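These are the residues of each chain, in order.
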Amino acid sequence: MNEKKIALVTGGTGGIGSAICIGLAEQGRKVVAGYFPPEKDAAEAWQKARQEEGYDIEIAAGDVSDYEGSQEMIADIGSRLGGIDILVNCAGITRDKTLRKMEPEQWNSVLRTNLDSAFNVTRHVVDDMTQKNFGRIVNIASVNGQKGQFGQTNYSAAKAGLHGFTKALALEVAAKGVTVNTVSPGYVKTEMTSAMPTEVLDAIVNQVPVGRLASPEEIAYSVCFLTEDKNAYMTGANLPVNGGMYMS
Ligand code: CAA
């Protein structure tokens with residue numbers, strides 16, 4: 001078993017997830033990047049690319065929108081490495097549409113992947129963390145969960161819900177050495193934002209006081225701060241990393 005603390009980042013091969021994996025590895029953690037099972041080839045290529053950069057990061061398949069699939073992923077990591085000490089719930093998707101045009105599948109897929117996933121994965125790691133009297137859980141939400149966004153009733157509801165989950169779980173595990181916090185990124189330079197219509201994205205960026213998109217590393221920096229061993233008294237918080245777009 002591993003002497004380093006073990007960190008699982010769901011959606012770990014994505015834009016923000018990759019930067020979080022690298023940040024945690026640089027912090028001395030044994031990092032596992034969770035990925036959506038149909039994306040096995042891409043995940044293996046991602047792992048190889050990280051190896052070439054000097055990062056030894058494990059990968060683990062698991063559909064986080066599914067309870068049993070999440071349980072199997074945690075069991076797989078447990079048998080390979082041991083119990084998880086640090087969990088970053090980062091897996092997320094968008095299905096943007098105004099509500100009047102939104103189909104149930106667009107609502108359900110976003111709620112399952114972005115919100116149910118926090119329950120599905122955390123449920124299988126939290127007992128171990130409380131028994132060890134150490135755990136760090138970070139949920140990646142969004143500025144749009146705080147302020148709402150045109151075309152994102154599904155996403156805004158899921159991300160707002162994620163912080164409610166953070167606060168309730170933080171209360172339940174506070175006395176057991178486990179902290180639970182949210183990071184709410186603004187608009188970040190990733191595939192998710194590059195899929196937006198250019199004119200819509202430009203109009204949004206024009207309103208960001210810092211005047212540009214965030215880099216994924218700027219989000220990862222906050223996650224690494226929250227997961228430090230010595231950051232033991234900060235729990236139930238929502239860290240906004242949005243370039244001043246929404247001040248809370
Ligand atoms: N405010 C007011 N009106 C707006 C608007 C806005 N922000 N955006 C579009 N509209 C208007 C349009 O001008 C158009 O008006 P007309 O009908 O008069 O021409 C109308 O609303 C479009 O409405 P539709 O019902 O046709 O829109 P749609 O269902 O096809 O969806 C959309 C449009 C895809 C939602 C598009 O507005 C869009 O892409 N918006 C951006 C959503 C966004 O910010 N996504 C973030 C993705 S990244 C992410 O989520 C990461 C993160 O955490 C930040």
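To keep things clear, this report deals only with the structure shown in the data block. (Residues numbered from 1 in each chain as written. Predicted model: local features only at pLDDT ≥ 70, side-chain atom pairs only at ≥ 80, totals over all residues. Heavy atoms only, no water.)

**Re the overall build of the chain**
Looking only at helices and strands, one finds 10 helices and seven strands in the chain. By the compact-globule yardstick of 18 Å for 248 residues, the chain fits well, its C-alpha radius of gyration being 17 Å. Dimensions of the chain along its principal axes, counting C-alpha atoms only, are 50 × 40 × 35 Å. Within the span of the chain, comprising 248 residues, buried residues form 49% of the whole. (Helix = DSSP H or I, 4+ residues; strand = E, 2+ residues; numbered from the N terminus. Rg over C-alpha atoms; globule rule 2.2 N^0.38 Å. Buried < 20%, exposed > 50% of the residue type's maximum accessible area, 1.4 Å probe, protein only.)

**Section: the site of the ligand**
Every one of the 21 residues lining the ligand counts as a neighbour, but D96, T98, S142, Y155 and Y187 are closest to it. For the ligand, an oxygen atom lies 2.9 Å from a polar atom in the side chain of Q152. Between an oxygen atom of the ligand and a side-chain N or O atom of Y155, the distance comes to 2.7 Å. Protein burial of the ligand: of its 1,100 Å² of free accessible surface, 61% is covered by the chains. Where the shell around the ligand is concerned, the elements lending two or more residues are α8 (191-194) and α9 (198-205). In the shell around the ligand, the residues fall into eight nonpolar, nine polar and four charged. (Near = heavy atom within 4 Å. Polar contact = N/O pair within 3.5 Å; in protein donor to acceptor, adjacent residues only side chain to side chain. Areas by Shrake-Rupley, 256 points an atom, 1.4 Å probe, with all protein chains shown as cover. Nonpolar A, V, L, I, M, F, W, Y, C, P; charged D, E, K, R; others polar.)

**Quick notes on unusual backbone geometry**
Phi at N133 is positive, roughly 60 degrees, even though this residue is not glycine. With respect to the helices and strands, the residue N133 is situated in the loop between α5 (126-132) and β5 (135-140).

**Some remarks on the packing of aromatic side chains**
For the coordinates displayed, the defined rule picks out one aromatic pair. Ring geometry for Y67 versus F119: centroids 5.7 Å apart, planes at 15 degrees, classification stacked. In this pair, Y67 sits in helix α3 (residues 67-80) while F119 sits in helix α4 (residues 104-122), placing the two residues 52 residues apart along the sequence. The ring of F134 has K5 sitting right over it, with the charged end atom 4.5 Å from the ring centre. (Phe/Tyr/Trp six-rings, centres within 6.5 Å; stacked < 30°, edge-to-face > 60°. Lys NZ or Arg CZ within 6 Å of the ring centre and 35° of its normal.)

**Quick notes on the sheet that holds strand β2 (residues 30-35)**
Read from one edge of the open sheet, seven strands run β3-β2-β1-β4-β5-β6-β7, paired in parallel fashion. Both edges of this open sheet fall to β3 (58-61) and β7 (238-241), since each of them pairs with a single strand only. Within this sheet the neighbouring strands show an average axis-to-axis angle of 20 degrees, counted without direction. Two elements, strand β4 (residues 86-89) and β5, share four bridges in a ladder whose sense is parallel. From the neighbouring strand, L87 faces β5, where its bridge partner is I137. Along the sheet, helix α1 (residues 15-26) contacts β1 (6-9), β2, β4, β5 and β6 (178-185); its crossing angle with β1, the most-contacted strand, is approximately 170 degrees. Each of β2 and β3 touches helix α2 (residues 40-52); the most contacted strand, β3, lies at about 170 degrees to it. (Pairing = 2+ DSSP bridges. Axes fitted to C-alpha atoms, helices over the stretch in contact; angles between N-to-C directions. Contact = heavy atoms within 4.5 Å.)

**Some details on the environment of L239**
As for its placement among the helices and strands, L239 is situated in strand β7. With sequence-adjacent residues up to four places away left out, L239 is seen in contact with T182, V183, S184, S222, F225, L226 and M234.

**Considering helix α10 (residues 216-227)**
Side chains of residues three or four places apart in an α-helix project in the same direction, reflecting 3.6 residues per turn. With 12 residues, α10 should reach 16 Å at 1.5 Å per residue; the first-to-last C-alpha distance of 17 Å fits that figure. Looking only at α10, the buried set comprises P216, I219, A220, S222, V223, C224, L226 and T227. Among the structural elements, α1, β4, β5, β6 and β7 are those in contact with the buried residues of α10. (Expected span 1.5 Å × (residues − 1).)

**Observations concerning the side chain of N231**
When you line up the elements, N231 lands in the loop between α10 and β7. In this structure, N231 is in contact with R136, T179, F225 and L226, ignoring residues within four places of it in sequence.

**Focus on the nonpolar core**
Core analysis: the largest hydrophobic core is formed by 30 residues, its most contacted members being V9, I20, L24, V88, I140 and V183. In this structure, V9 is in contact with G17, I20, C21, L24, V31, V32, A33, G34, V88 and C90, ignoring residues within four places of it in sequence. Among the nonpolar cores identified, the runner-up in size contains 22 residues, and V121, A170, V173 and V180 belong to it. (Core = buried A, V, L, I, M, F, W, Y, C linked by side-chain atoms within 4.5 Å.)

**Some thoughts on the packing of α1 against α10**
At their nearest, the axes of α1 and α10 sit 8 Å apart, and the two run at 50 degrees to each other. One finds that α1 runs oblique with respect to α10. When you trace α1 past α10, the crossing you get is right-handed. From α1, G15, I16, A19, I20, G23 and L24 reach across to α10, where they touch P216, E217, I219, A220, V223, C224 and T227. Here the contact of α1 with α10 is composed, by residue class, of nine nonpolar, three polar and one charged. (Parallel < 35°, antiparallel > 145°, perpendicular 65-115°, else oblique. Left-handed = near helix turned anticlockwise from the far one by under 90°.)

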